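Structural description and commentary
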Amino acid sequence: MSLSSHHLDISRISSPILHGAKPGIDTGQMSVTPLSPAIGAIVSGINLAQPLTSEAENRLRELLLRHQVLFFRNQTITPREQRDFAQHFGPLHLHPIYPTVAEAPEIIVLDTEQNDLKDNALWHTDVTFSQTPPLGAVLAARHLPPSGGDTLWASATAAYDALSDGMKQRLEHLTALHDFTHSFPLSRFGRTEAEKEKWLRTREQLPPVEHPVIRIHPETNKRAIFVNEGFTTEVCGLEIEESAALLRFLFQHLSKPEFSVRWTWQEGDVAFWDNRATQHYAVDDYRPHRRIMHRATILGDRPFGPDITQQQKH
Ligand SMILES: O=C(O)CCC(=O)C(=O)O
């Protein structure tokens with residue numbers, strides 16, 4: 001079942017975590033430890049390789065909306081089990097560029113020896129170059145360097161909340177362009193004839209798309225800043241210098257430590273994030289060691305902002 005079909009109002013979720021429970025308190029089988037008020041929680045007492053009960057599925061939905069990124073330790077899941085877990089929250093995305101796992105093409109491979117992962121060492125929200133960017137993603141650590149290779153996530157709703165009223169109003173009705181070529185340039189992703197052909201096909205199928213600068217979360221109704229360094233190229237209707245200055249400010253603001261959590265991976269770790277409310281950054285500090293991650297990406301809705309009427313949302 002798709003998470004997006006539930007349209008939960010977070011203020012109405014009855015949950016010990018939402019109502020100020022102490023870190024680590026047992027909530028049925030699962031135990032939840034928030035990492036900061038803004039973002040992040042460790043969830044234990046669940047085996048992601050097992051089929052989820054509908055109760056566990058609903059609980060994870062609530063926790064995802066509340067904490068925006070969930071971390072699970074000591075998991076031993078195969079790529080197929082990772083796909084099956086992710087599919088509980090919606091249909092999965094097939095990435096146009098990244099290589100995938102043979103037995104589960106919904107799982108993309110992020111491997112320093114297979115692809116150039118510099119693209120992920122900047123703040124980004126996944127696949128915002130699409131009309132309907134993902135709802136979220138499930139990332140499993142497969143091979144880690146001896147040290148380094150952390151990932152940071154930032155809460156775009158906490159970043160929005162911290163803006164002044166004047167800035168909020170200024171941003172309220174703006175839109176911006178998102179373009180996959182910004183992070184996937186032909187010079188790096190078109191090195192062979194086959195790659196070049198794939199890139200040109202993708203370029204045709206995925207022209208730049210316009211999204212609201214302030215996105216309203218379809219389930220919590222919270223506002224989030226919805227521009228990212230990875231794919232946002234310009235704010236529509238502004239002069240180039242104005243657009244560049246505004247984006248620079250927003251990118252810098254979003255990346256403040258107050259809105260973010262930094263995760264140091266261990267073998268068996270899995271992260272599950274809400275792509276509608278967060279950005280992330282994979283720290284590229286472990287070369288020449290190898291790092292391999294597997295990602296399942298859950299399809300999402302078309303983003304809408306304050307200007308879009310209820311009818312246009314779907
Ligand atoms: O490798 C990581 O830690 C994060 C990967 C990433 O940035 C992505 O999947 O978009």
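Residues numbered from 1 in each chain as written. Predicted model: local features only at pLDDT ≥ 70, side-chain atom pairs only at ≥ 80, totals over all residues.

Under an unreviewed UniProt entry, the protein has the name Taurine dioxygenase and belongs to Acetobacter oryzifermentans. Under the UniProt heading Sequence similarities (unreviewed entry), the entry covering the protein gives this text: "Belongs to the TfdA dioxygenase family." (UniProt positions renumbered as here; feature names shortened; annotations may be inferred.)

Next up on the list: the site of the ligand. In the vicinity of the ligand, the contacting residues are Leu 110, Asn 120, Asp 126, Leu 139, Thr 151, His 280, Ala 282, Met 293 and Arg 295. Elements with a minimum of two residues in the shell around the ligand: β16 (278-282) and β17 (292-298). When the residues that make up the shell around the ligand are grouped by side-chain class, the tally is four nonpolar, three polar and two charged. (Near = placed C-beta within 6 Å. Helix = DSSP H or I, 4+ residues; strand = E, 2+ residues; numbered from the N terminus. Nonpolar A, V, L, I, M, F, W, Y, C, P; charged D, E, K, R; others polar.)

With 62 residues, the main nonpolar core has Leu 70, Val 138, Ala 156, Ile 225 and Val 270 as its most contacted residues. The element contributing the most residues to this core is strand β7 (residues 136-143), with five residues. The contact partners of Ala 156, leaving out residues within four places of it in the chain, are Ala 224, Ile 225, Phe 226, Leu 254, Ala 277, Thr 278 and Gln 279. Membership of the second largest hydrophobic core comes to eight residues, among which are Val 127, Phe 180, Phe 189 and Trp 199. (Core = buried A, V, L, I, M, F, W, Y, C linked by C-beta atoms within 7 Å. Buried ≥ 20, exposed ≤ 12 C-beta atoms within 10 Å, placed from the backbone. Contact = placed C-beta atoms within 7 Å.)

This paragraph deals with the environment of Ala 176. Looking at where Ala 176 falls in the secondary structure, it is placed in strand β9 (residues 175-178). With 59 residues separating them along the chain, Ala 176 and Val 235 place their C-alpha atoms 4.1 Å apart. Apart from the residues lying within four places of it in its own chain, the contact partners of Ala 176 are His 211, Val 213, Val 227, Thr 232, Glu 234, Val 235 and Cys 236.

Okay, the sheet that holds strand β10 (residues 209-212) next. Strand-to-strand pairing in sheets goes through backbone hydrogen bonds, with the strands running parallel or antiparallel. The three strands lie next to each other as β10-β9-β13, forming an open sheet whose pairing is antiparallel. Whereas interior strands pair on both sides, the edge strands pair on one side only; in this sheet they are β10 and β13 (232-235). Adjacent strand axes in the sheet meet at a mean angle of 35 degrees when their direction is disregarded. Inspection of the sheet shows β9 paired to β13 by three bridges, in the antiparallel sense. For Ala 176, the partnering residue across the bridge sits in β13 and is Val 235. (Pairing = 2+ DSSP bridges. Axes fitted to C-alpha atoms, helices over the stretch in contact; angles between N-to-C directions.)

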